[in-house]
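# Residue-level structural notes
Here's the letter readout for the chains.
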Amino acid sequence: MDDISDKDYVIIDHFLRDDLYAEIRSFFLDKLPVFKEASIGTDMDKHIDNNVRGDFTYWLDRKRDANIQELWNLVDEVIHMFNRYCFLSLSGYEFHLAHYPSGGHYDKHLDQFENRNNRMISVVIYLNEGWQKGDGGELEIFENDNESFLVEPIAGRCVMFKSAKVPHAVLEAHKSRFSLTGWLLYQPSALGQFFG
């Protein structure tokens, strides 16, 4: 909590228990045939632009995807921790599974839409077993002075950052790149000192 408050992001290795990691990765592989090409924009402006992003997604639903209940319990716990220690008013979430095939990338962007500002915390958990340098798909995080650094998408690593404050990109993947990606949401209310 201190890191994300001070630096706007945090990187945590071995974020998931081994059994939960295996459960989520198995679920991911089972759903891979029904992933859909990802779009950009919202509502009426939603469209596919392979020049901007080239991934495929499967949006999760807690009721439909109840067989990964342990994941939903973890999301609840993370929301509780942010609300307790950072005085946020998080009250929801949205998550999807993301597959970047070879050649897939996502240009520099913020995880916040112009006409929708309820994404507070972005969460990425990597599911890439045996990732090695040269495989691509690194997360590039841009800091305030426009310097950037790369986060390797190794299995079990979690990256969390402030959705409206941390520009980032996904570098071109040279082999399939898997992740669980989502956002912790709030219904507009007082936010306390965390974003002040």
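As a reminder, the structure under discussion sits directly above these lines.
Let me sum up the structure you'll find in this document. All chains use their own residue numbering, which begins from 1 and follows the written sequence. Residues qualify for local features only when their pLDDT is at least 70, as the model is predicted, and side-chain atom pairs are given and counted only at 80 or more; totals for whole chains, interfaces and linings, by contrast, use all residues. Side-chain descriptors were evaluated using all non-hydrogen atoms of the structure, hydrogens and water having been removed beforehand.

Attention now goes to the overall build of the chain. Runs of E in the DSSP output that reach at least two residues are strands. Runs of H or I that reach at least four are helices, and both are numbered from the N terminus. Along the backbone of the chain there are 3 helices and 11 strands. In the chain, the succession of helices and strands from N to C terminus is α-β-α-β-β-α-β-β-β-β-β-β-β-β. Within the chain, the proportion of its 196 residues that are buried is 48%. Contacts: residue pairs with any heavy atoms within 4.5 Å of one another. Summarising the internal contacts of the chain: among those between residues at least 6 apart in sequence, 78% fall at separations of at least 24. Only carbon and sulfur atoms are counted for the fraction: they give 49% of the accessible area of the chain, which is about 10200 Å². The buried label applies to any residue whose accessible area, calculated with a 1.4 Å probe on protein chains only, is under 20% of its type's maximum; exposed applies above 50%, and partly exposed to all values in between. Every accessible area reported is derived by Shrake-Rupley at a probe size of 1.4 Å, with residue values counting cover from the shown protein chains alone.

Right, let's get into the pattern of salt bridges. By definition, a salt bridge exists where a carboxyl oxygen of Asp or Glu is found within 4 Å of a side-chain nitrogen of Lys or Arg. Evaluation of the coordinates by the stated rule reveals 10 salt bridges. The partner of D55 in a salt bridge is R53, and the shortest N-O contact between them spans 2.7 Å. Linking R64 and D65 is a salt bridge whose minimum nitrogen-to-oxygen distance equals 2.9 Å. On the accessibility criterion, R64 (48% relative accessible area) is partly exposed.

For the rest of this paragraph, the subject is the sheet that holds strand β1 (residues 9-12). For two strands to count as paired, DSSP must find a minimum of two bridges between them. Here 7 strands make up an open sheet; going across it, the order is β1-β9-β6-β11-β4-β3-β2 and the pairing antiparallel. Looking at which strands have only one partner, the edges of the open sheet turn out to be β1 and β2 (36-37). Pairing of strand β6 (residues 119-126) with strand β11 (residues 177-186) involves 7 bridges; the strand directions are antiparallel. Considered in β11, the bridge of V124 is made with T181.

Turning our eyes to something else, we now look at the nonpolar core. Definition used in this section: a nonpolar core is a set of buried Ala, Val, Leu, Ile, Met, Phe, Trp, Tyr and Cys residues joined via side-chain atoms within 4.5 Å. In this structure, L60, F82, I121, M160 and L184 are the most contacted members of the largest nonpolar core, which totals 36 residues. Contributions of two or more residues to this core are made by α2 (18-31), α3 (69-86), β4 (90-100), β6, β9 (158-162) and β11. Take this core: its biggest share by element is 8 residues, from α3.

Let's shift gears to unusual backbone geometry. The phi dihedral of D8 is positive, around 80°, even though this residue is not glycine. In this structure, D8 sits in the loop between α1 (2-7) and β1. You will see that H14, though not glycine, has its phi angle at about 55°, which is positive. Looking at the element boundaries, H14 is found in the loop between β1 and α2.

Ring geometry is summarised as follows: Phe, Tyr and Trp rings, the Trp one being its six-membered ring, pair when their centres sit within 6.5 Å, and such pairs are stacked at plane angles under 30 degrees, edge-to-face over 60 and tilted between the two. In this structure the tally under the stated criterion is 8 aromatic pairs. A centroid spacing of 5.2 Å and a plane angle of 45° characterise the contact between Y9 and F149, whose relative ring orientation is tilted. Taken as a pair, Y9 in strand β1 and F149 in strand β8 (residues 148-151) lie far apart in primary sequence, 140 residues in all. When its relative accessible area of 9% is taken as the criterion, Y9 is described as buried. Here the aromatic rings of F35 and Y58 are separated by 6.2 Å at their centres, their planes lie at 25°, and the arrangement is stacked. Of this pair, F35 sits in the loop between α2 and β2 while Y58 sits in strand β3 (residues 56-59); the two residues are 23 residues apart in sequence, bridging distant segments of the chain.

Turning our eyes to something else, we now look at empty space enclosed by the protein. The distinction between a cavity and a pocket rests on a 1 Å grid over the protein atoms alone: a 1.4 Å probe fits inside a cavity but cannot get out, while a pocket stays open yet meets protein on both sides within 12 Å along at least five of seven lines, and a residue with an atom within 4 Å of a point counts as lining. Grid points are joined across faces, edges and corners, and a volume is the space filled by probe spheres set on the points. Using the criterion set out here, one finds 1 cavity of 30 Å³ or more in the structure. If you go around the largest cavity, the residues you meet are F15, L71, L74, V75, V78, F95, V123, I125, M160, L180 and L184. If one sorts the elements of the lining of the largest cavity by residue count, α3 sits on top with 4 residues. Here the nonpolar group is Ala, Val, Leu, Ile, Met, Phe, Trp, Tyr, Cys and Pro; Asp, Glu, Lys and Arg are the charged ones; every other residue, Gly included, is treated as polar. Along the lines of polarity and charge, the residues of the lining of the largest cavity split into 11 nonpolar, no polar and no charged.

The next subject is the layout of surface pockets. In this model, the second largest pocket occupies a volume close to 190 Å³. For the lining of the second largest pocket, the elements supplying multiple residues, two or more each, are β1 and α3. Counting residues per element, the lining of the second largest pocket draws most heavily on α3, at 5 residues.

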